[in-house]
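# Analysis of the macromolecular model
Okay, here's what each chain looks like letter by letter:
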Amino acid sequence: MTYQDNFQKWLDFADLPDYLRQDLNNMDEKTKEDAFYTNLEFGTAGMRGLIGAGTNRINIYVVRQATEGLARLIESKGGNEKNRKRKSPFSVETEYVKIKCSWQNHTAFRENYFDGKKVTMAFAHLHVHTEYSLLDGSNKITEYVSRIKELGMTAGAITDHGVMYGVIDFYRAAKKEGINPILGCEVYVAPGSRFDREQTKGEDRYYHLVLLAENNQGYSNLMKIVSKGFVDGYYYRPRVDMEVLEQYHEGIIALSACLAGEVQRYLTRGMYEEAKETALKYERCFGKGNFFLELQDHGIAEQAQVNQQLLRMHQELGIDLVATNDVHYTYEKDAEAHDVLLCLQTGKKLSDENRMRYEGGQYYVKSEEKMKALFPYALEAIENTQKIADRCHVEIEFGVTKLPKFDVPDGYTSWEYLNKLCYEGLDERYSPERVRELKPRLEYELSVIQKMGYVDYFLIVWDFIHFARENDIMVGPGRGSAAGSLVSYTLGITKLDPIRYSLLFERFLNPERVSMPDIDVDFCFE
């Protein structure tokens, strides 16, 4: 059978509109032949792309992918021996559903063509696990950043499981290579309260949810969310709940995650209406335009089914789609090494049959072209990755001391309140004559503290030491260079009179010191 025969079979099978069928038939024979015999194993995704194109000036790349997909489809339909040996499942019926879905969505694809020229759409990876997803990700940050730069991408995300350990390393590496770092985390969401423990079992102990920091406020909130997961909700995993997400949602963009996401879990169980309600719940939490339905395709049959329902949900609810690859290693060739890592995590052997594994070897940093080939029926989901990336900008200052703000009583600034406490302490500890003598030194110390930005620092230290003394918690009198500070003494941070013992403030703090002041405090451990 020649390629012409196969090509005609596909035209009959695909049930294309007359104008598109005519465009295909009008392609020159050389183009058809070259396309048909190039990488026949590519898959049916390209065929769906051709149907989605719906343009009378068909891009050669799309044609090539389409004919490659056609070859595979016909091989499968005819029971070709080579196809039967393939590891990944393939169904003509499933592919036909995808074809129909592609045709229904062809209008959106056509908008990406202008005067016969395909508009370039960028892609950014938004669901990425690095080496900091311990024993689950083998994607080294330096290799990952180099790879996305090599692929021509301008941005990339980090979304490790439940943690943000790798954020700073990733931020530095990305900035160094001129890549926009998107800081995020794939958090675990408890089905009820984060404080619940034995309410649910198995896979329903938690759901996955991808959170991305849109700005510095979002980055701050994301750190709070992750911290809450460890402090309040740790049960097998650091879990958060809707209360936490609603409290700290500002500045955060959320994606519905993988098959372990709450929306996807309902869809895999045939509970479409519950999935819709869940999607709306997350949209209400994060705000319109800040929650996306996440499409993934790693060759898993469940993902194909879920994706079709997500497309339907997108049309019914108006919640935008985003396409991701669940990256766990950098290169396709790393799949075997990653499988060994999973065995280390789960205490299994490679030879064990029933063990955790990532089938198909598709969890690597894919190119924009490969991602488009996977989702030709929803290219807006590809385009949305770059739109999200363009929204995400977090600026982290290094080399700048960052201290929390102390909440002072109404009517005071931090500076005014520190002065008030110090002068009250000075009056309590010295006679009026000594107060007049020591005011210049106190003013000098306060001016140095203000100039170096440590006003709130002293108020915070004063606060917890004052609380300890008021609640009969034993506190040491102070030691180290902090005992040379009159401010420390008047605040009650130390109990040693620096004037009586001729102790020097400059040993503790001076304008030329580049490190933070060090106040050693001893508490009774009981």
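The structure reproduced in this document is the subject of the present report. (Residues numbered from 1 in each chain as written. Predicted model: local features only at pLDDT ≥ 70, side-chain atom pairs only at ≥ 80, totals over all residues. Heavy atoms only, no water.)

With phi around 75°, A257 is a residue other than glycine that occupies positive phi space. Positionally, A257 belongs in the loop between β8 (252–255) and α13 (262–268). Residue A257 is classed as buried on the basis of its relative accessible area, which comes to 0%. One non-glycine residue, D472, lies in the positive phi region at around 55°. (Helix = DSSP H or I, 4+ residues; strand = E, 2+ residues; numbered from the N terminus. Buried < 20%, exposed > 50% of the residue type's maximum accessible area, 1.4 Å probe, protein only.)

Moving on, we come to the nonpolar core. Counting residues in each nonpolar core, the largest one holds 65 residues, and the members touching the most others are L209, L211 and L245. With six residues, the single largest contributor to this core is helix α14 (residues 272–286). Beyond its immediate stretch of four places on either side in the chain, L209 contacts C185, E186, V187, V189, L245, A254, L255, S256, A257, Y282, F286 and F291. Ranked by size, the runner-up nonpolar core spans 35 residues in total, among them L459, V475, Y489 and I493. (Core = buried A, V, L, I, M, F, W, Y, C linked by side-chain atoms within 4.5 Å. Contact = heavy atoms within 4.5 Å.)

Further remarks concern the packing of α14 against helix α15 (residues 301–317). Closest axis-to-axis distance for the α14/α15 pair is 11 Å, and the angle between their directions is 55°. As summarised for this structure, α14 and α15 are arranged oblique, according to the angle between their axes. Both α14 and α15 take part in a crossing whose hand is right-handed. Across the interface between the two elements, Y272, A275, K276, A279 and L280 from α14 touch Q309, R312, M313, E316 and L317 from α15. For the contact of α14 with α15, the class distribution of residues is six nonpolar, one polar and three charged. (Axes fitted to C-alpha atoms, helices over the stretch in contact; angles between N-to-C directions. Parallel < 35°, antiparallel > 145°, perpendicular 65-115°, else oblique. Left-handed = near helix turned anticlockwise from the far one by under 90°. Nonpolar A, V, L, I, M, F, W, Y, C, P; charged D, E, K, R; others polar.)

When you line up the elements, S146 lands in helix α9 (residues 141–150). Overall, S146 belongs to the partly exposed group, its relative accessible area being 38%. The sequence separation of S146 and E177 amounts to 31 residues, and the corresponding C-alpha distance is 7.6 Å.

The terminal C-alpha atoms of α15 lie 25 Å apart, and with 17 residues this matches the ideal 24 Å at 1.5 Å per residue to within 8%. Listed in full, the buried residues belonging to α15 are Q303, A304, V306, N307, Q308, L310, L311, M313, H314 and L317. (Expected span 1.5 Å × (residues − 1).)

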